[in-house]
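Below, each chain spelled out in residue letters.
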Amino acid sequence: MHWFNGLGGPWMMVLWWILIIAVTVAVVKFVLPGNRRPPEKSALEILKERYARGEIDKEEFEQKKRDLLD
């Protein structure tokens, strides 16, 4: 049985395989993590981390937090 004889002949078969390959590549790229970067942190998150590590004191933390939220 020849599926593509009446629907464009061998060119239709080539297009069919290109479609299958393109869909396969798209699914693989979507499923595998690849080179996805983690989302960037906000300034407030970075400030909280600096305070938690002891790089800045409470007074400086509160001042910078007010500056960011204004």
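These lines cover the structure that appears in this document, whether it is placed above or below. (Residues numbered from 1 in each chain as written. Predicted model: local features only at pLDDT ≥ 70, side-chain atom pairs only at ≥ 80, totals over all residues. Heavy atoms only, no water.)

## Focus: the overall build of the protein chain
What counts is decided by this rule: In DSSP terms, a helix is any run of H or I states spanning at least four residues, a strand is any run of E spanning at least two, and both are numbered starting from the N terminus. Working definition: with a 1.4 Å probe on protein chains only, accessible area under 20% of the residue-type maximum means buried, over 50% means exposed, and in between means partly exposed. Here the open area of atoms and residues is found with the Shrake-Rupley method and a 1.4 Å probe, where only the protein chains shown may cover a residue.
Along its length, the protein chain carries three helices and zero strands. Relative to its full complement of 70 residues, the protein chain shows a buried share of 7%. When the accessible surface of the protein chain is totalled, it reaches about 6,700 Å², and 65% of it is carbon and sulfur.

## Examining the pattern of salt bridges
What counts, and what does not: The term salt bridge refers to a pairing of a side-chain nitrogen on Lys or Arg with a carboxyl oxygen on Asp or Glu at a separation within 4 Å.
Under the counting rule described, the total for this entry stands at five salt bridges. With a shortest N-O distance of 2.8 Å, Glu49 and Lys41 are connected by a salt bridge. The class of Glu49 is partly exposed, set by a relative accessible area of 28%. A salt bridge links Glu55 to Arg53; its shortest N-O distance comes to 2.8 Å. What emerges from the salt-bridge pattern is a single network uniting Lys41, Glu49, Arg50, Arg53 and Glu55.

## Quick notes on the packing of aromatic side chains
Worth spelling out the cut-off: Only the six-membered ring of Trp is used, alongside the rings of Phe and Tyr, when aromatic pairs are assigned; centres must lie within 6.5 Å, and planes under 30 degrees apart are stacked while those over 60 apart are edge-to-face, with the rest tilted.
Scanning the model with the defined rule gives one aromatic pair in all. A ring pair is formed by Tyr51 and Phe61, whose centres lie 4.7 Å apart and whose planes are at 20°; its orientation type is stacked. Taken together, the residues Tyr51 in helix 2 (residues 43-53) and Phe61 in helix 3 (residues 58-69) connect sequence positions ten residues apart. By relative accessible area, which is 8% here, Phe61 ends up buried.

## Quick notes on the packing of helix 2 against helix 3
Applicable threshold: Angles here are taken between N-to-C directions and fall from 0 to 180 degrees, while the axes themselves are lines fitted to C-alpha atoms, restricted in helices to the stretch in contact. Convention used here: angles under 35 degrees read as roughly parallel, angles over 145 as roughly antiparallel, angles from 65 to 115 as roughly perpendicular, and any remaining angle as oblique. Any pair of residues with heavy atoms lying within 4.5 Å of one another is described as a contacting pair. Residue polarity follows a fixed list, in which Ala, Val, Leu, Ile, Met, Phe, Trp, Tyr, Cys and Pro are nonpolar, Asp, Glu, Lys and Arg are charged, and the others, Gly among them, are polar.
Helix 3 packs onto helix 2 with a crossing angle of 180° between their chain directions and a minimal axis gap of 10 Å. Of the possible angle classes, the one that applies to helix 2 and helix 3 is roughly antiparallel. Taking contact as the criterion, the partners of Ala43, Leu44, Leu47, Lys48 and Tyr51 in helix 2 are, on helix 3, Lys58, Phe61, Lys64, Lys65, Leu68 and Leu69. Taken together, the residues of the contact of helix 2 with helix 3 break down into seven nonpolar, no polar and four charged.

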